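One-letter residues, chain by chain:
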Amino acid sequence: MSQQEWTLQALAEQVGGRVEGDAGKVVRGVASLRTAGEDMITFFHGGSYRKLLANTAAGAVILAAEDLDDCPVAAIVAEEPRKAFARVAQLLGRQRPQVQPGVDRTASVSDQAEVDPSARIGPYVVVEEGAWIGPEVELGAGSFIGSGARIEAASVISPQVHIGWDCRIGKRAYLHPGVVIGADGFGFNRGDQGWEKIPQLGAVTIDDDVEIGANTTIDRGTLEDTVIGPGVKLDAQVHIGHNSQIGARTIIAGCAGVAGSVVIGDDCVIAGACALTDHIEICAGVTVMGMTGVTNSIKEPGIYSSAPPMQALRQWRKSAVRITQLDDMAKRLQSLERQNSE
């Protein structure tokens with residue numbers, strides 16, 4: 001895994017910042033405030049990390065101008081340190097090993113599949129008939145590409161990923177291990193003999209520049225495709241139900257569940273462990289805070305929350321008891337109001 005060398009001045013020019021200290025100092029890697037050494041660069045974004053900043057052994061720190069006085073080493077001052085560090089990490093961080101184009105001898109690739117010569121097909125990959133694998137696509141070990149599936153240029157499919165029949169993955173997608181795209185949606189009708197399965201005949205369409213975390217699942221649609229818009233980022237263990245549509249650049253954190261036929265607009269943030277009920281619409285520009293249960297459509301941009309904050313156990317028990325008394329209290333209040341009005 002190769003690393004590069006950059007001077008602080010060169011890095012500052014890349015991120016639109018300015019250097020305070022030795023602009024010619026060379027750094028060779030990135031690390032945290034706690035672990036960075038003399039030849040590494042890190043960043044500071046406030047809060048409880050200030051004590052670590054004062055004691056860092058890093059060669060340089062990326063930070064905001066108001067934090068400069070607390071920095072004991074050279075610094076790159078940036079308006080948005082976190083964004084600046086992300087760019088620096090791309091330049092200095094360890095790179096994924098480059099895999100040579102070709103098909104591993106243990107892979108099973110159908111004669112009716114089309115694989116670009118620049119693609120990289122790893123060990124024990126299965127590519128079924130009619131699949132299309134574009135330029136510079138990487139298929140990790142043990143991944144499965146169903147019949148008629150299409151993977152566009154420069155996408156990375158990590159090991160043990162399942163992409164179902166007729167599903168489509170856009171350009172520059174990154175699917176982490178264990179992702180399942182295009183399993184059957186959860187569609188059943190109650191019949192005389194129990195639950196009867198509704199055939200799931202749609203697929204999944206994933207647009208360009210989408211990243212999907214480990215063990216996330218996206219169900220295929222019943223009749224129309226489940227659609228993931230461009231630039232969407234899904235964390236690990238997210239579930240997207242059948243027929244749902246996720247708008248451009250929306251981000252969904254770990255363990256969130258989106259039921260079937262949900263429409264989420266562009267530029268939304270769905271925090272961890274949220275649950276969205278079926279057949280609702282979330283407009284663009286909505287942030288839903290962690291552990292929120294969304295049972296109705298949201299029509300105005302803003303920040304929404306329904307999860308109760310953590311309390312000490314003794315206080316939580318008192319609050320839980322009071323919740324069970326709310327109905328009785330409401331009836332008594334209505335009775336008092338009637339008496340006062342009379």
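Notes on the structure in this doc start here. Sequence positions are assigned chain by chain, starting from 1 and proceeding in written order. Owing to the predicted nature of the model, reporting of local features is limited to residues with pLDDT of at least 70; listing and counting of side-chain atom pairs is limited to 80 or more, with chain, interface and lining totals taken over all residues. Derived side-chain values reflect all non-hydrogen atoms in the structure, with water molecules and hydrogen atoms excluded from consideration.

1. Thoughts on the sheet that holds strand S21 (residues 180-183)
In step 1: Note: two strands are recorded as paired if DSSP finds a minimum of 2 bridges between them. A run of H or I in DSSP becomes a helix once it reaches four residues, and a run of E becomes a strand once it reaches two; helices and strands are each numbered from the N terminus. Strand order in the open sheet formed by ten strands is S9-S12-S15-S18-S21-S26-S29-S32-S35-S38, with parallel pairing between adjacent strands. The sheet is open, and its two borders are formed by strand S9 (108-109) and strand S38 (293-294), each paired with just one other strand.
In step 2: As paired elements, S21 and strand S26 (residues 217-219) share three bridges and run parallel to each other. When the bridges of S26 are listed, Val180 appears paired with Thr217.

2. Some details on the side chain of Ser155
In step 1: Relative to the elements of secondary structure, Ser155 occurs in the loop between strand S16 (150-151) and strand S17 (156-157).
In step 2: Two N or O atoms count as a polar contact when they lie within 3.5 Å, although within protein this holds only if one can serve as hydrogen donor and the other as acceptor, and sequence-adjacent residues are included solely when both atoms are side-chain atoms. At 2.9 Å, the side chain of Ser155 and the backbone nitrogen of Ala173 are in polar contact.
In step 3: Every residue pair with non-hydrogen atoms within 4.5 Å of one another is taken to be in contact. Apart from the residues lying within four places of it in its own chain, the contact partners of Ser155 are Glu136, Val137, Glu138, Ile169, Gly170, Lys171, Arg172 and Ala173.

3. Things to note about the state of the cysteines
In step 1: Disulfides are defined as cysteine sulfur pairs within 2.5 Å. For the structure shown, the criterion picks out zero disulfides.
In step 2: Counting only cysteine sulfurs, Cys255 is the nearest neighbor of Cys274, a cysteine outside any disulfide, at a range of 11 Å.

4. Things to note about the side chain of Thr292
In step 1: Inspection of the secondary structure puts Thr292 in the loop between strand S37 (286-288) and S38.
In step 2: In terms of polar contacts, Thr292 uses its side chain to reach the backbone carbonyl oxygen of Met289, at 2.7 Å.
In step 3: Once you skip the residues sitting within four places of it in the chain, Thr292 turns out to touch Cys274, Ala275, Tyr304, Ser305, Ser306 and Ala307.

5. Observations concerning the packing of helix H1 (residues 8-15) against helix H3 (residues 81-92)
In step 1: Under this scheme, a helix contributes an axis fitted over its contacting stretch, all axes are lines through C-alpha atoms, and angles between N-to-C directions fall in the 0 to 180 degree range. For the pair H1 and H3, the least separation of the axes is 9 Å and the interaxial angle reads 125 degrees. As far as their axial angle goes, H3 and H1 are oblique. For the crossing formed where H1 meets H3, the hand is right-handed. Contacts between H1 and H3 pair Leu11, Gln14 and Val15 from the former with Ala84, Arg87, Val88, Leu91 and Leu92 from the latter.
In step 2: Looking at the contact of H1 with H3 residue by residue, the classes come out as six nonpolar, one polar and one charged. Here the word oblique covers every angle except those under 35 degrees (roughly parallel), over 145 (roughly antiparallel) and from 65 to 115 (roughly perpendicular). By definition, any crossing whose near helix is turned counterclockwise from its far helix by less than a right angle is left-handed, and any crossing with a clockwise turn is right-handed. Throughout, the ten residues Ala, Val, Leu, Ile, Met, Phe, Trp, Tyr, Cys and Pro are labelled nonpolar, Asp, Glu, Lys and Arg are labelled charged, and all others, Gly among them, are labelled polar.

6. Some remarks on H1
In step 1: A simple rule labels every residue: compare its accessible area, found with a 1.4 Å probe on the protein chains alone, to the largest value its type can have, and call it buried under 20%, exposed over 50%, or partly exposed in between. Within the span of H1, buried status applies to Leu8, Leu11, Ala12 and Val15. Seen end-on, H1 carries its buried residues on one side only, within an arc spanning 100 degrees.
In step 2: One or two residues past the end of H1 sits Gly16, with phi positive at roughly 70 degrees. Relevant arc is that of directions from the helix axis to the C-beta atoms, nothing else.

7. What to know about the environment of Leu276
In step 1: By the secondary structure assignment, Leu276 is in strand S35 (residues 275-276).
In step 2: For Leu276, a relative accessible area of 4% puts it in the buried group.
In step 3: Along the backbone, Leu276 and Asn296 are 20 residues apart, and their C-alpha atoms lie at a distance of 8.5 Å.
In step 4: Ignoring anything within four residues of it in the chain, the contact list for Leu276 reads Gly257, Val258, Ala259, Val262, Ile264, Ile270, Ile282 and Val294.

8. A word on a nonpolar patch on the surface
In step 1: Where nonpolar side chains cluster on the molecular surface, the patch consists of Phe186, Phe188 and Trp195 and spans about 410 Å² of accessible area.
In step 2: Note on Phe186: relative accessible area 69%, which makes it exposed. Residues qualify for a patch when their relative accessible area is over 30% and they have no salt bridge, like charges being joined within 9 Å and the nonpolar side chains of Val, Leu, Ile, Met, Phe, Trp and Tyr within 5 Å. The protein chains shown are the only cover counted for residues, whose accessible areas, like all others here, come from Shrake-Rupley with a 1.4 Å probe. We define a salt bridge as a side-chain nitrogen of Lys or Arg found within 4 Å of a carboxyl oxygen belonging to Asp or Glu.

9. Some remarks on the nonpolar core
In step 1: For the purposes of this section, nonpolar cores are sets of buried Ala, Val, Leu, Ile, Met, Phe, Trp, Tyr and Cys residues that join through side-chain atoms within 4.5 Å. The biggest cluster of nonpolar side chains holds 50 residues, and the ones touching the most others in it are Leu139, Ile163, Leu175, Ile181, Ile252 and Ile264.
In step 2: Not counting residues up to four positions away in its chain, the partners in contact with Ile264 are Gln245, Ile246, Gly247, Thr250, Ile252, Val258, Ile270, Leu276 and Ile282.
In step 3: Counting residues in each nonpolar core, the second largest holds 19 residues, with Val27, Ile62, Ile76 and Ala84 among its members.

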